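Residues per chain are reported as follows:
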Amino acid sequence: MAAIVSEILRKGELSKEDIIYLLGADGDDLRELFREAARIKQQYVGNSVYYRGLIEFSNICAKNCYYCGIRKGNREVKRYNITDDEIVAAAQFALDNNYGSIALQAGELESDSFTSRITGLLKRIKLISEGKLGITISLGEQTMEVYKEWFDAGAHRYLLRIESSDRELYKKIHPQDDLHSFDRRTECLRDLQKAGYQTGTGVMIGLPFQTLSNLAEDILFMRDMDIDMVGMGPYIEHENTPLIHYRDQLLPIAERFDMSLKMIAVLRIVMKDINIAAATALQAIDPMGREKAIRIGANIIMPNITPGMYRDSYSLYENKPCTDEAADDCRGCLEARLSMADADIGYGEWGDSKHWHARQQEDRDTAK
Ligand code: 5AD
Ligand code: SF4
Ligand code: FES
């Protein structure tokens, strides 16, 4: 068996069948997969982990994704919307603590007032940090015009998870209407790339109806889209969502966790120089979940710096960690955790995707 894994790992380009084989690895095979992914990570992106201080500034969302705890249809959630001053104060915290970058995330809304609010915020944060803070945004599907406006205002990285790259599975986990169109989502990813962003996507792992073939296709989708960054993690059921009816059909939670680590390792082997986040959902399952991901391929962590009193309400899934700590607590905690994982922290650095830099260079070379 191990011979097959070694043979696959020696190949230049992996086929779908190879990826499916790796995702099924266990025992010695699995150890070899993780060892190779860790080696590639060190060789291509180094030992530093970069921070994106995460500000989940509002849980108001116009959409109704069947898996998500803050979907519009969930009346049990207390809705909140942090003030601009509080958001800027959180950005200041990131700056004072040398986090290098922040990530602004919220439920999906499309409106002129939302657009201009974000534009104003981006400009304020650029101003207070004298351009020093890197800014990632994760604000869903928007028009090309909006993406450009926010890029010009100072955001340079954008996360938009495809959730599943399989059209049929996508349909099963979303309502069938224009607000939840698979085609629009892929189009938005292309628009983000055209607008100049370092573009990130990701999927949930262990969804009901999901197969190994779907997961292998997810990795190929990221490769074919030439994505710069990925954040992916286990699907964790939430009581007040429609998908809870399929609770009995899910992989056991520990297997969803293991599969998420394998996905990260395989992705690192397939896309050597991209940024890969250690998703917070990993830690909801295993207290050392993110550190394990860092060891086998991830190089980004998103410490929650949302003001404490709101954290509890951004409940995408059950058991979300760090919801009752103040931002200060996470800093010390993370330092200890990352030193246990033998990782360095890239304090004060943007930690841009090396893949993105390589792409820029290629574009310049072909233009010559
Ligand atoms: N389990 C895991 N991840 C989830 N997300 C939303 N709901 C869940 C859940 N139940 C993820 C989605 C979304 C991101 C903000 O959170 O992938 O893109
Ligand atoms: Fe809204 Fe995102 Fe949750 Fe979907 S996953 S309901 S878009 S917050
Ligand atoms: Fe948030 Fe440990 S990382 S409390």
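Our structure's up above, just so we're on the same page.
It should be emphasised that the depicted structure is a prediction, and the values quoted were computed from it without experimental measurement. (Residues numbered from 1 in each chain as written. Chains lettered and ligands numbered in written order. Predicted model: local features only at pLDDT ≥ 70, side-chain atom pairs only at ≥ 80, totals over all residues. Heavy atoms only, no water.)

1. Things to note about helix 3 (residues 27-44)
Working step 1: Counted at 1.5 Å a residue, the expected span for helix 3 with its 18 residues is 26 Å, and the 26 Å between its end C-alpha atoms agrees.
Working step 2: Among the residues of helix 3, D29, L30, E32, L33, F34, E36, A37, I40 and K41 are the ones counted as buried. (Helix = DSSP H or I, 4+ residues; strand = E, 2+ residues; numbered from the N terminus. Expected span 1.5 Å × (residues − 1). Buried < 20%, exposed > 50% of the residue type's maximum accessible area, 1.4 Å probe, protein only.)

2. A short note on the packing of helix 2 (residues 16-23) against helix 10 (residues 253-270)
The axes of two packed helices give the description: the angle between them and the distance between them.
Working step 1: Interhelical geometry of helix 2 versus helix 10 gives an angle of 140 degrees and a closest axis separation of 9 Å. The angle between helix 2 and helix 10 places the two elements in the oblique class. Crossing geometry of helix 2 relative to helix 10 is assigned as right-handed. Contacts from I19, L22 and L23 in helix 2 reach M259, K262, M263, V266 and V270 in helix 10. (Axes fitted to C-alpha atoms, helices over the stretch in contact; angles between N-to-C directions. Parallel < 35°, antiparallel > 145°, perpendicular 65-115°, else oblique. Left-handed = near helix turned anticlockwise from the far one by under 90°. Contact = heavy atoms within 4.5 Å.)

3. Regarding the site of ligand 2
Working step 1: Neighbouring ligand 2 are the residues C61, K63, C65, Y67, C68, I70, R71 and E108.
Working step 2: The residue inventory of the shell around ligand 2, partitioned by class, reads 5 nonpolar, no polar and 3 charged. (Near = heavy atom within 4 Å. Nonpolar A, V, L, I, M, F, W, Y, C, P; charged D, E, K, R; others polar.)

4. Observations concerning the pattern of salt bridges
Working step 1: Taken as a whole, this structure holds 29 salt bridges when the rule is applied.
Working step 2: Among the salt bridges present, the one from R39 reaches E36, with a minimum N-O distance of 3.0 Å. One end of the pair is R39 and the other is E36, both in helix 3 and 3 residues apart, which spans about a single turn.
Working step 3: Taking the relative accessible area as the measure of exposure, R39 reaches 43% and is therefore partly exposed.
Working step 4: With a closest N to O distance of 2.9 Å, E291 and R337 form a salt bridge. Placement of E291 in helix 12 (residues 289-295) and of R337 in helix 14 (residues 327-340) is noted, with a sequence separation of 46 residues between them.
Working step 5: If you follow the salt bridges from partner to partner, you end up with K63, E108, E110, E141, E163, R184 and R185 in one network. (Salt bridge = Lys/Arg side-chain N within 4 Å of Asp/Glu carboxyl O.)

5. As for the site of ligand 1
Working step 1: Around ligand 1 sit Y67, C68, R161, E163, M204, P234, Y235, I236, L316 and Y317, and those are all the residues in its vicinity.
Working step 2: Y67 places a main-chain nitrogen or oxygen 3.0 Å from a nitrogen atom of ligand 1.
Working step 3: Between an oxygen atom of ligand 1 and a side-chain N or O atom of R161, the distance comes to 2.7 Å.
Working step 4: Considering ligand 1 on its own, with 400 Å² of exposed area, one finds that the protein chains cover 88% of that surface.
Working step 5: Of the residues assigned to the shell around ligand 1, the class counts are 8 nonpolar, no polar and 2 charged. (Polar contact = N/O pair within 3.5 Å; in protein donor to acceptor, adjacent residues only side chain to side chain. Areas by Shrake-Rupley, 256 points an atom, 1.4 Å probe, with all protein chains shown as cover.)

6. Focus on the side chain of H156
Working step 1: Looking at where H156 falls in the secondary structure, it is placed in the loop between helix 6 (144-153) and strand 5 (157-159).
Working step 2: Look at H156 and you get buried, because its relative accessible area is 12%.
Working step 3: Ignoring sequence-local partners within four residues, the contact set of H156 consists of G134, I135, F151, Y197, Q198, W350 and D352.

7. Here we look at helix 9 (residues 212-224)
Working step 1: Spanning 13 residues, helix 9 covers 18 Å between terminal C-alpha atoms, matching the ideal 18 Å at 1.5 Å per step.
Working step 2: For helix 9, every residue scored as buried is listed here: N214, L215, A216, D218, I219, L220, F221 and M222.
Working step 3: D226 sits one or two residues past helix 9 and shows a positive phi near 55 degrees.

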